[in-house]
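Report on the structure
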Amino acid sequence: MNNKKNNILVAPSILSADFANLERDIKKIEEAGADWVHVDVMDGKFVPNLTIGAPVVKSLRKVSNLVYDVHLMIHNPEDFIDDFVNAGSDIITLHYESDCKNLKEALKHIKNSGKKAGLSIKPKTPSSVLEEYIDLIDLILIMTVEPGFGGQEFMTDCVSKITESLELIKKHDKNIDIEIDGGINAKTAKLTVNAGANVLVAGSYVYNATNIKEAIDSLKV
Ligand code: DX5
Ligand code: ZN
């Protein structure tokens, strides 16, 4: 994991896949050169949408060797960490804005379980909140849409938070990925990579493409 611009990782979000054909759709992105599978877990409370939980991740774990990047958009995430660990997730990302009782302990718990820990911020949350957690995380997930749904427009005013996060990582001399989620396409990918991002989540852009391989390649700018 590193922040080199020439080593961009693409994490297609299965939120835009066909839920009746998740195995097929994960294999599709694997064959097309995806690096990670991004799994959006929503509880209908933290965000106004409901998706899937750990049992689905457990079943999907068997169909691919890609990195399973699990984005928890749920309240009380601490109650579900063990389930996602046992389901075979590789990275578990929590939201700064969730009502987690003890975010530091929850992040430590993810790491102590042998998994990578991520911390995500919504568009209105400043990057300065991340500093307190810098020793506990492997990944910063910057949302560039309000979480909840795929297919929304990229919020350009979030780009400055990428630069700020990169500065924070350098200041503390850490090896932390900067992942961007929401409205990513070939054009917005370039903006975020130039600012310092190294992992790009893309749902609709990848899954709605006529040629998935071309879409993934176009993000590796
Ligand atoms: C939104 C999710 C995203 C979503 C991205 O809450 O976290 O991962 O799937 O979808 P696109 O790439 O279509 O904006
Ligand atoms: Zn996501």
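Residues numbered from 1 in each chain as written. Chains lettered and ligands numbered in written order. Predicted model: local features only at pLDDT ≥ 70, side-chain atom pairs only at ≥ 80, totals over all residues. Heavy atoms only, no water.

Within the first shell, the zinc ion (ligand 2) binds the protein through H38 (NE2), D40 (OD), H71 (ND1) and D181 (OD), at distances of 2.0 to 2.3 Å. Look at where the donors of the zinc ion (ligand 2) fall in the sequence and you get H-x1-D-x30-H-x109-D. With H71 in strand β3 (residues 67-73) and D181 in strand β7 (residues 177-181), this pair connects stretches of sequence that are 110 residues apart. (Donors = N, O, S within 2.8 Å, 3.2 Å for Na, K, Ca; no water. Helix = DSSP H or I, 4+ residues; strand = E, 2+ residues; numbered from the N terminus.)

In the vicinity of ligand 1 there are 20 residues, among which D40, G148, D181, G203 and S204 approach most closely. Within the backbone of G148, an N or O atom sits 2.7 Å from an oxygen atom of ligand 1. G203 is positioned with one of its backbone polar atoms (N or O) 2.8 Å from an oxygen atom of ligand 1. Protein burial of ligand 1: of its 380 Å² of free accessible surface, 99% is covered by the chains. (Near = heavy atom within 4 Å. Polar contact = N/O pair within 3.5 Å; in protein donor to acceptor, adjacent residues only side chain to side chain. Areas by Shrake-Rupley, 256 points an atom, 1.4 Å probe, with all protein chains shown as cover.)

The strands making up a sheet associate through hydrogen bonds between their backbones, and the pairing can be parallel or antiparallel. Reading across from one edge, β1-β8-β7-β6-β5-β4-β3-β2 is the order of the eight strands in this open sheet, with parallel pairing throughout. With partners counted over all chains shown, the strands left at the sheet margins are β1 (9-12) and β2 (36-42), one partner each. Neighbour-to-neighbour, the strand axes of this sheet turn through a mean angle of 25°, independent of strand direction. Bridge analysis of β2 against β3 gives seven bridges, and the strand direction is parallel. Along β3, the bridge assignment pairs V37 with Y68. (Pairing = 2+ DSSP bridges. Axes fitted to C-alpha atoms, helices over the stretch in contact; angles between N-to-C directions.)

So, about the confidence of the model for the protein chain. When pLDDT is averaged across the protein chain, the result is 97; 97% of the residues are at 70 or more. Across residues 1-5 the pLDDT falls below 50, and counting only partners more than four positions away or on other chains, this stretch makes 21 contacts in the model. (pLDDT = per-residue confidence, 0-100. Contact = heavy atoms within 4.5 Å.)

A few words now on helix α4 (residues 103-112). Of the positions making up α4, those classed as buried are L103, A106, L107 and I110. Buried residues of α4, seen end-on, are gathered within an arc of 100° and therefore sit on one face of the element. Among the structural elements, α3 (81-86), β4 (91-95) and β5 (116-121) are those in contact with the buried residues of α4. Count one or two residues on from α4 and you reach G114, which has phi positive near 85°. (Buried < 20%, exposed > 50% of the residue type's maximum accessible area, 1.4 Å probe, protein only. Arc of directions from axis to C-beta.)

Glancing now at the side chain of T144. Relative to the assigned elements, T144 resides in the loop between β6 (139-143) and α5 (159-171). Setting aside chain neighbours within four positions, we find T144 in contact with E153, F154, M155, C158, I180, D181 and G182.

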